Amino acid sequence: MKRAAQKIFVLAVCIFVISITGCGQPEPPSVKKSRLIAVENMRLKKELELRNSQIERLTKLHNKQSKEQDKLLAECMQEKESWKQKAQQNIRKQVKGVFDAVMEQNAKLLEENEKLKAQIKKLQN
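Residues numbered from 1 in each chain as written. Predicted model: local features only at pLDDT ≥ 70, side-chain atom pairs only at ≥ 80, totals over all residues. Heavy atoms only, no water.

### Considerations on the overall build of the protein
Definition in use: Every helix listed is a DSSP run of H or I at least four residues long, and every strand listed is a run of E at least two residues long, numbered separately from the N terminus. Exposed residues in this analysis have more than 50% of their type's maximum accessible area, buried residues have under 20%, and partly exposed residues fall in between, with area computed by a 1.4 Å probe over protein chains only. Areas reported here follow the Shrake-Rupley algorithm with a probe of radius 1.4 Å; residue values treat only the protein chains shown as occluding.
Tallying secondary structure elements over the protein gives 2 helices and 0 strands in all. For the protein, with 125 residues in total, the buried portion stands at 0%. When the accessible surface of the protein is totalled, it reaches about 12700 Å², and 62% of it is carbon and sulfur.

### Quick word on the pattern of salt bridges
Rules: What counts as a salt bridge is simple: a side-chain nitrogen of Lys or Arg found within 4 Å of a carboxyl oxygen of Asp or Glu.
What the rule picks out here adds up to 5 salt bridges. With a shortest N-O distance of 3.0 Å, Glu 47 and Arg 43 are connected by a salt bridge. Remark: Arg 43 and Glu 47 occur in helix H2 (residues 31–124); sequence separation between them is 4 residues, near one turn of the helix. Taking the shortest distance from any N to any O, the salt bridge between Glu 111 and Lys 115 comes out at 3.8 Å.

### So, a nonpolar patch on the surface
For clarity, the threshold we go by: For patch building, the residue pool is restricted to those with more than 30% relative accessible area and no salt bridge; the joining distance is 9 Å between like charges and 5 Å between nonpolar side chains (Val, Leu, Ile, Met, Phe, Trp, Tyr).
The grouping of Ile 91, Val 95, Phe 99 and Met 103 at the surface amounts to a nonpolar patch, some 390 Å² of accessible area in total. Examined against the element boundaries, Phe 99 turns out to sit in helix H2.

### What about the packing of aromatic side chains?
By convention here, two paired aromatic rings are described through the distance between centres and the angle between planes. So the rule is basically this: Between rings of Phe, Tyr and Trp, where Trp is taken as its six-membered ring, a pair exists when centres lie within 6.5 Å; planes separated by under 30 degrees are stacked, by over 60 edge-to-face, and by other angles tilted. Criterion for a charge above a ring: Arg CZ or Lys NZ at most 6 Å from the ring centre, at most 35 degrees from the ring normal.
A full pass over the atoms with the stated rule returns 0 aromatic pairs. Cation over ring: Lys 86 sits above Trp 83, and NZ or CZ is 5.1 Å from the ring centre.

This is the structure in structure tokens:
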């Protein structure tokens, strides 16, 4: 029984000590924690500056590449228009050549037609 009383007494003391330490106000950060927080903040600021500079560099690179692409697009469109005009000129030349040949043949046929009409009138008389 003496032993049980001792165990109960030790248990009561432990519960009392735990309740006193557990119910206290949280301690303010120590100097060491403050230094660690300050070092972490500085590291994060440097990392943020590095990311911002990378973003700025990539933005400039993107803008430069975009301008180059726009310039290439404008050159391609101009070249396309030039080829279109050359194709139209070639078609006009070919059509003109064919048209001239057709008009010449038409003139010959009209002349031959007149001659045949004259021969038919002669034969009818």
